[in-house]
Every structure is written in structure tokens, then in C-alpha cells.
Amino acid sequence: MARAHAGRRNPASGKPESRLSDGRMSFVTRFAPSPTGYLHLGHAFSALTAFDAAQSAGGRFLLRIEDIDQGRVRAQFEDAIFEDLAWLGLAWEAPVRRQSEHMGEYEAVLQGLIDRQLVYRCFRTRREVAEAIASAPHEYGDVFTGEALAQEEEAARLQAGEAFAWRLSLKKARAALGPAYFALVFEDETGPVRAEPERLGDVVLARKDFAASYHLASVWDDAQAGVTHVIRGEDLREAAHLHVLLQRLLELPQPMYRHHRLILGEDGKRLAKREAAATLRALREDGKTAAEIRSMLGLG
Ligand code: GLU
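Being a predicted model, the structure only gives us computed values, none of them experimental.

Before going further, it helps to spend a moment on the overall build of the protein chain. Looking only at helices and strands, the protein chain has twelve helices and ten strands in total. Over its C-alpha trace the protein chain gives a radius of gyration of 20 Å, about what one expects of a compact globule, namely 19 Å for 300 residues. The principal-axis extent of the C-alpha atoms belonging to the protein chain is close to 65 × 45 × 35 Å. Counting contacts in the protein chain only where the partners sit at least 6 residues apart, residues at least 24 apart contribute 75% of the total. About 15100 Å² of surface is accessible on the protein chain, with carbon and sulfur atoms providing 51% of the total. Across the protein chain, the 40 positively charged side chains and the 43 negatively charged ones have centroids separated by 3 Å.

Once that is clear, we can look at the side chain of His215. Here His215 is to be found in helix 9 (residues 214-224). On the basis of relative accessible area, His215 is assigned to the buried category, the value being 15%. A polar atom in the side chain of His215 sits 2.9 Å from the side chain of His243.

Each neighbour pair has its own omega, and for Ala94 with Pro95 the value is -5°, a cis peptide bond. Residue position: Pro95 is located in the loop between helix 2 (75-87) and strand 3 (97-98). Notably, Gln117 is not glycine yet its phi reads approximately 55°, a positive angle. Position of Gln117 among the secondary structure elements: in the loop between helix 3 (103-115) and strand 4 (119-122). Relative accessible area serves as the criterion here: at 52%, Gln117 is assigned to the exposed category. Phi is positive for Glu251, close to 55°, though the residue is something other than glycine. The topology assignment puts Glu251 in the loop between helix 10 (237-249) and strand 10 (256-260).

When we look at a pair of aromatic rings, we describe it by the centre distance and by the angle of the planes. With the rule as written, the count across this model stands at seven aromatic pairs. Cluster of aromatic residues (ring-pair linked, three or more members): Phe123, Phe164 and Trp166. Cation over ring: Arg121 sits above Phe164, and NZ or CZ is 5.1 Å from the ring centre.

One open sheet accounts for three strands, arranged 1-2-3; its pairing is parallel. Unpaired on one side and paired on the other, strand 1 (28-31) and strand 3 mark the two borders of the sheet. Here strand 2 (residues 60-65) runs beside strand 3; their pairing, made up of two bridges, is parallel. Paired with Ile65 across the strands is Arg98, a residue of strand 3.

For the rest of this paragraph, the subject is the site of the ligand. By nearness alone, every residue bordering the ligand is listed as Arg30, Ala32, Ser34, Glu66, Tyr214, Ser218, Arg232 and Leu236. Contact distances for the ligand include 2.7 Å between a nitrogen atom and a backbone N or O atom of Ala32. Counted by class, the shell around the ligand contains three nonpolar, two polar and three charged residues.

What follows is about the environment of Lys171. Mapped onto the fold, Lys171 is located in helix 7 (residues 170-177). Looking at Lys171, the relative accessible area reads 51%, which means it is exposed. Reaching out from Lys171, the side chain makes a polar contact with the side chain of Glu147 at a distance of 3.0 Å.

Moving on, we come to the sheet that holds strand 4. Read across the open sheet, the three strands follow the order 4-5-8; overall the sheet is antiparallel. Every other strand in the sheet has two partners, leaving strand 4 and strand 8 (204-207) as the edge strands with one partner each. With direction set aside, neighbouring strand axes in the sheet form an average angle of 30°.

Our focus in this paragraph is the pattern of salt bridges. It is possible for side chains of opposite charge to pair when their charged atoms get near one another. Summed over all chains, the structure comprises 24 salt bridges. Linking Arg97 and Glu105 is a salt bridge whose minimum nitrogen-to-oxygen distance equals 2.9 Å. Arg97 serves as the salt-bridge partner of Asp221, at 2.8 Å between the closest nitrogen and oxygen. You can see Asp221 sitting in helix 9 and its partner Arg97 sitting in strand 3, a full 124 residues away along the chain. The same class applies to Asp221 as to Arg97, namely buried. Connected via shared salt-bridge partners are Arg30, Arg64, Glu66, Arg97, Glu105, Asp221 and Asp222.

The rules behind these values
Residues numbered from 1 in each chain as written. Predicted model: local features only at pLDDT ≥ 70, side-chain atom pairs only at ≥ 80, totals over all residues. Heavy atoms only, no water. Helix = DSSP H or I, 4+ residues; strand = E, 2+ residues; numbered from the N terminus. Rg over C-alpha atoms; globule rule 2.2 N^0.38 Å. Contact = heavy atoms within 4.5 Å. Areas by Shrake-Rupley, 256 points an atom, 1.4 Å probe, with all protein chains shown as cover. Lys, Arg positive; Asp, Glu negative; His and termini not counted. Charge placed at Lys NZ, Arg CZ, Asp CG, Glu CD. Buried < 20%, exposed > 50% of the residue type's maximum accessible area, 1.4 Å probe, protein only. Polar contact = N/O pair within 3.5 Å; in protein donor to acceptor, adjacent residues only side chain to side chain. Phe/Tyr/Trp six-rings, centres within 6.5 Å; stacked < 30°, edge-to-face > 60°. Lys NZ or Arg CZ within 6 Å of the ring centre and 35° of its normal. Pairing = 2+ DSSP bridges. Near = heavy atom within 4 Å. Nonpolar A, V, L, I, M, F, W, Y, C, P; charged D, E, K, R; others polar. Axes fitted to C-alpha atoms, helices over the stretch in contact; angles between N-to-C directions. Salt bridge = Lys/Arg side-chain N within 4 Å of Asp/Glu carboxyl O.

Any functional reading would require information that these geometric values do not contain.
The following block contains the structure:
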């Protein structure tokens, strides 16, 4: 059974550690950027929001480098993350967790799910998945669900070296958890929310030659780091519905969630990493100070 945050115990001492010595709840949060581009105002807002929350709760602020996608990650972007965040006035604990250094852990977690038959191999390409959904909306809604192929067909496709993804089977997850599946609840800034993992369908947790997806690695890492409060943009609000299911299946403690508004560009759209003008380095070169960035973001 996953433990709620309030029941968290220190694995070493076995003592509950949900409260600080002065009686407040412990508070551990993090900022988890991917070094695939320069940080922009949206990242600054996220990092500062989490950092300020930790400060005002007398808690801890961690930094995690989400660098699983080695095809897109660049060392220069990772260096820039440290530099830009320090310039913003943030301080974080060492050592910084780098996902690329923990691939073996994600593989072991995935293997556990494979052994429990909670994931299945899906050989459909992204396009085939989209086509399946479009052709049978009554069956799928707008997300994908499927199941493992018959053994012989799967063996033949593996033999042929076909690519596949490991998808979480919601059907199997429901069977494994029984009524507890329907009682999954998490807390966010709006109060208690009933988790509805079906909103995301059978999500890809790993690819054939790529151990872990964001979902699997992020849920695992938050638990390893003892994160009690996940603070991130509201673009990831839906993901929480899946993350709490993964926490339950993996018997990990469940953090609290806070999803903050997104910072939009002048065109009203979400900022993207390639929008050079909004990168923290461009703003810094333009003569802006960290205090000015805070006030631009309404963080005074
Ligand atoms: N690397 C993810 C991102 O940049 C972090 C998401 C999270 O905070 O869980 O969007």
C-alpha cells in the first residue's frame, strides 16, 4: 500500500518524518528542468515558485536534471541551468540528481512492472495510435488503450526486430488494485482530487531501447528524493492523475501537488525553449537583474 505523505517514515530510523521539530509539516520540493535548451521566463517562474514555497515553509529545495533523452540533451544547456538559476538567486542542495546516472533503477522498476504484467508491449507507431483513436472514437475516447498481442505474433515481431513501447495497462492496474483504484485521491491547490488515470489512457512508460519515460523516472525520482510537494506548471496537471496511480502500484509515498499558471509569450502562447528573446540569458545580456525578472513574473 502506498503511504500518504503524512505517514512517511525515514527509511533509516523508521521514525515518522512528516513533521519538523517545531511541529510543521516537512516540506521538500524540487525544480526538474531538461537540458534541451536555455531556460526561459516560464522556467524561472516555476523554479522561483518552488524555491519561494520551500523558503516560506522552512523546507528544502532540490534541483534535478531530467536528461534521459540523450538525443536532445546538451552539456552546454546543463551548465546554463546552474548558471541561470544561481543568477536568479536560487540555492539548491548537493548532490544534484541527474537522471542519466540512474537508468539502472528505472530499468529495475520497469522490470518489476513487466513481471507483474502491468505493462505490455505495443508495436504501434505514433501515427498508428493516432489513426486507431481517430477511427474508433467511441471505443477510445481521445486516448489510447490496448493490450498485449497474442504470444506468437509478439514473438514474430520481436524476432523481426520491430520497435515497441511498454505501455501501462489500465485494465491490469484496475485488476491489481481492485476497489482501491477507484478511491485514488491526491491533493492539489484546489483540494482533494479523485485520480482519473483513464484521462491519459495506457501511457508509454518506456521504449524498446530507451529505458524510461518522463512519467516513470519522475515518479521514481521524486520518491527517492523524499519530495513532499511537487510544484510545477499546470501543463502537467493531467499527469498527476497517472503519477498517483504509479505511486500506488510501486508502493511509493504520495506527495502533494501544486500546479501553477504558465507564463505566456506576447502572442498569448506558451513560451518554448527556442524563443530566444525570453531566455534568461538574453534578458540578462539585455541588462535585466534577477529582481526585475521576479517583478516581471509578479513574484515581487
Ligand atoms: N522535466 C520536466 C519539464 O521540464 C519536469 C516536469 C516536472 O516537474 O515533473 O517539464
